[in-house]
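Summary of structural features
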Amino acid sequence: MNINELQNKVKWVRRITLEMINKAGSGHPGGSLSEAEILTVLYYNVLNIDPRRPDWPDRDRFILSKGHCCPPVYAILADLGYFPKEELNTLRKYKSILQGHPSIITPGIDMVSGSLGNGLSVGVGMAMAGRKQKRNYNVYVMMGDGELQEGTIWEAAMSAAHHKLNRLIGIVDYNKIQINGNVSDIMAIEPLADKWKAFGWKVIEINGHDLNEICDTFRSEKYDSVRPTVIIAHTVKGSGVSFMEGNCAWHGKAPDEEQLKIALNEIGGTGI
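The following paragraphs examine the structure supplied in this document. All values derive from a computational prediction rather than experimental measurement.

**Description of the packing of aromatic side chains**
- Taken as a whole and assessed by the stated rule, the structure comprises six aromatic pairs.
- Summarising the aromatic geometry, the rings of Tyr 43 and Phe 62 are spaced 5.6 Å apart at their centres and angled 75° between planes, so their arrangement reads as edge-to-face. Taken together, the residues span a long stretch of sequence, with Tyr 43 in helix 3 (residues 36-46) and Phe 62 in strand 1 (residues 61-64) at a distance of 19 residues.
- Residue Tyr 43 is classed as buried on the basis of its relative accessible area, which comes to 6%.
- Pairing Trp 154 with Trp 196 gives two aromatic rings, centres 4.8 Å apart and planes at 45°, and the pair type is tilted.

Printed below as a string of structure tokens:
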């Protein structure tokens, strides 16, 4: 997709995400909106995947370690044809294939993720398996910034560098706000880039809402030949909706009908 097409798709992803959360009556709009550009570029321009073969052994893997922010992933998977778009209306419903956190019952999902801090460890395992099986897939793991307060993240980071897993790419959605406030107030994680470098990773910092910069960053030659790579994407929680931006109150609640109307008007674009 070109940049204009990606921009339109990002608007669509944001709209559908909020409509899904509104209909479900619960969810996590703040962190879902902050990751919209990155997910859109990944799924439409980067990942080597095939909706007709969700279990294709040579597919790239994507793990949403910050699993509570799954609605944008569901919207994109439906748009790509992994399952009918009508399923998007069943988010968080009993027996739905679209639960409040990702599950492998959903076509296109590679890992169950709910408890934070586990995605990078599983990504390490997937990358090691790919090497052992002589497959050339990449493994992408998206983490939240608040999630980086979990010790398991750093154990996995140390392991990935030790084993020189150059096909493992971490992505930090660095929107700087978690459920109860600013990350810097609850448990500071800076100097973040220096931490990853100290653990042996190649570090790239980007504006996580700049589509041109995101597209350029995900070009394969940007990755290291012997080290894992982490992309620290500076984002805005609730991006695209003025009353949600930078507001921790929108970490985990659904907009009502009036709030949804205002939000969709600000986002623009069209729905399904």
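**Remarks on the side chain of Asp 173**
- Its location among the elements puts Asp 173 in strand 3 (residues 168-174).
- Residue class for Asp 173 comes out buried when judged on its relative accessible area of 0%.
- Here Asp 173 is in contact with Gly 31, Ser 34, Glu 35, Lys 66, Met 143, Gly 144, Asp 145, Ala 233 and Thr 235, once residues within four sequence places are set aside.

**Let's talk about the layout of surface pockets**
- Looking at the largest pocket, its volume works out to about 260 Å³.
- If you trace the largest pocket, you find 19 residues lining it, with His 68, Leu 116, Glu 147, Gln 178 and His 251 closest to the centre.
- Of the residues contributing to the lining of the largest pocket, the split by class is four nonpolar, 10 polar and five charged.

**What to know about the packing of helix 1 (residues 3-24) against helix 4 (residues 71-80)**
- For the pair helix 1 and helix 4, the least separation of the axes is 9 Å and the interaxial angle reads 115°. Regarding helix 1 and helix 4, the two cross each other, and that crossing is right-handed. Counting all contacts with helix 1, which are made through Lys 9, Trp 12, Val 13, Ile 16, Thr 17, Met 20 and Ile 21, the residues of helix 4 involved are Pro 71, Pro 72, Tyr 74, Ala 75, Ile 76 and Asp 79.
- When the residues that make up the contact of helix 1 with helix 4 are grouped by side-chain class, the tally is 10 nonpolar, one polar and two charged.

**Re the nonpolar core**
- In this structure, Phe 62, Tyr 140 and Phe 218 are the most contacted members of the largest nonpolar core, which totals 42 residues.
- Each residue touching Phe 62, except ones within four places of it in the same chain, is listed here: Leu 39, Leu 42, Tyr 43, Leu 47, Val 73, Asp 110, Tyr 140 and Met 142.
- Residues Ala 127, Met 143, Ile 189 and Ala 193 belong to the second largest nonpolar core, which totals 30 residues.

**Considering the pattern of salt bridges**
- Inspection of every chain in the model, using the stated rule, returns 13 salt bridges.
- Between Lys 66 and Glu 35 there is a salt bridge; the shortest N-O distance is 3.3 Å. Here the residue Lys 66 occupies a position in the loop between strand 1 and helix 4, and Glu 35 occupies one in the loop between helix 2 (29-34) and helix 3, the gap between them amounting to 31 residues. Glu 35 carries the same exposure label as Lys 66, and that label is buried.
- Arg 227 is the salt-bridge partner of Asp 224, the closest N and O atoms lying 3.0 Å from each other.
- The class of Arg 227 is partly exposed, set by a relative accessible area of 32%.
- In this structure, a network of salt bridges that share partners links the residues Asp 216, Arg 219, Glu 221 and Lys 222.

**Details of the pairing of strand 6 (residues 202-207)**
- Note that strand 6 and strand 7 (residues 229-234) share six bridges and pair parallel. Note that in strand 7 the partner of Lys 202 across the bridge is Thr 229.

**A short note on the packing of helix 5 (residues 119-132) against helix 6 (residues 151-162)**
- Closest axis-to-axis distance for the helix 5/helix 6 pair is 8 Å, and the angle between their directions is 25°. In terms of axis orientation, helix 5 runs roughly parallel to helix 6. In this structure, the crossing between helix 5 and helix 6 has a hand that is left-handed. Touching Leu 120, Ser 121 and Val 124 of helix 5 are Thr 152, Ile 153, Ala 156, Ala 157, Ser 159 and Ala 160, all from helix 6.

**Structural notes on helix 6**
- When the terminal C-alpha atoms of helix 6 are compared, their 17 Å separation across 12 residues agrees well with the 16 Å that a helix rising 1.5 Å per residue should span.
- Residues of helix 6 that are buried: Ile 153, Trp 154, Ala 156, Ala 157, Ala 160 and Ala 161. Around the axis of helix 6, the buried residues are gathered within 160° of arc, so they sit on the same side. Turned more than 90 degrees away from the buried face of helix 6, the exposed residues are Glu 155, Met 158 and His 162.
- As for helix 6, its buried residues are in contact with helix 5, strand 2 (139-144), strand 3 and helix 8 (192-198).

Procedures and definitions
Note that residues are indexed from 1 along each chain, following the sequence as it is written. Owing to the predicted nature of the model, reporting of local features is limited to residues with pLDDT of at least 70; listing and counting of side-chain atom pairs is limited to 80 or more, with chain, interface and lining totals taken over all residues. Values reported for side chains reflect all heavy atoms of the structure, with hydrogen atoms and water molecules removed beforehand. Any two rings among Phe, Tyr and Trp, with Trp reduced to its six-membered ring, count as a pair given centres within 6.5 Å; such a pair is stacked if its planes are under 30 degrees apart, edge-to-face if over 60, and tilted if neither. Helix numbering and strand numbering both begin at the N terminus, where a helix is a DSSP run of H or I of at least 4 residues and a strand a DSSP run of E of at least 2. Relative accessibility decides the category of a residue: with a 1.4 Å probe and only protein chains considered, values under 20% of the type maximum give buried, values over 50% give exposed, and everything between is partly exposed. By definition, residues are in contact when any of their heavy atoms lie within 4.5 Å. Cavities and pockets were defined on a 1 Å grid built over protein atoms only: a cavity is a set of grid points that admits a 1.4 Å probe from which the probe cannot escape, a pocket is an open set flanked by protein on both sides within 12 Å along at least five of seven lines, and lining residues are those with an atom within 4 Å of any such point. Grid points are joined across faces, edges and corners, and a volume is the space filled by probe spheres set on the points. Following the grouping adopted for this structure description, the nonpolar residues are Ala, Val, Leu, Ile, Met, Phe, Trp, Tyr, Cys and Pro, the charged ones are Asp, Glu, Lys and Arg, and the polar ones are all others, Gly among them. The axes used here are C-alpha line fits, helices contributing only the stretch in contact, and every angle between their N-to-C directions lies in the interval 0 to 180 degrees. Helix crossings fall into two classes, left-handed where the near helix is turned counterclockwise from the far one by less than a right angle and right-handed where it is turned clockwise. Nonpolar core, defined: a set of buried Ala, Val, Leu, Ile, Met, Phe, Trp, Tyr and Cys residues in which side-chain atoms within 4.5 Å join the residues together. Think of a salt bridge as a Lys or Arg side-chain nitrogen and an Asp or Glu carboxyl oxygen that are within 4 Å of each other. When DSSP finds two or more bridges between two strands, those strands count as paired. We call two directions roughly parallel when the angle between them is under 35 degrees, roughly antiparallel when it is over 145, roughly perpendicular when it lies between 65 and 115, and oblique otherwise. Every helix has an expected span of 1.5 Å times one less than the residues it contains. Think of the arc as the fan of directions from the helix axis to the C-beta atoms.

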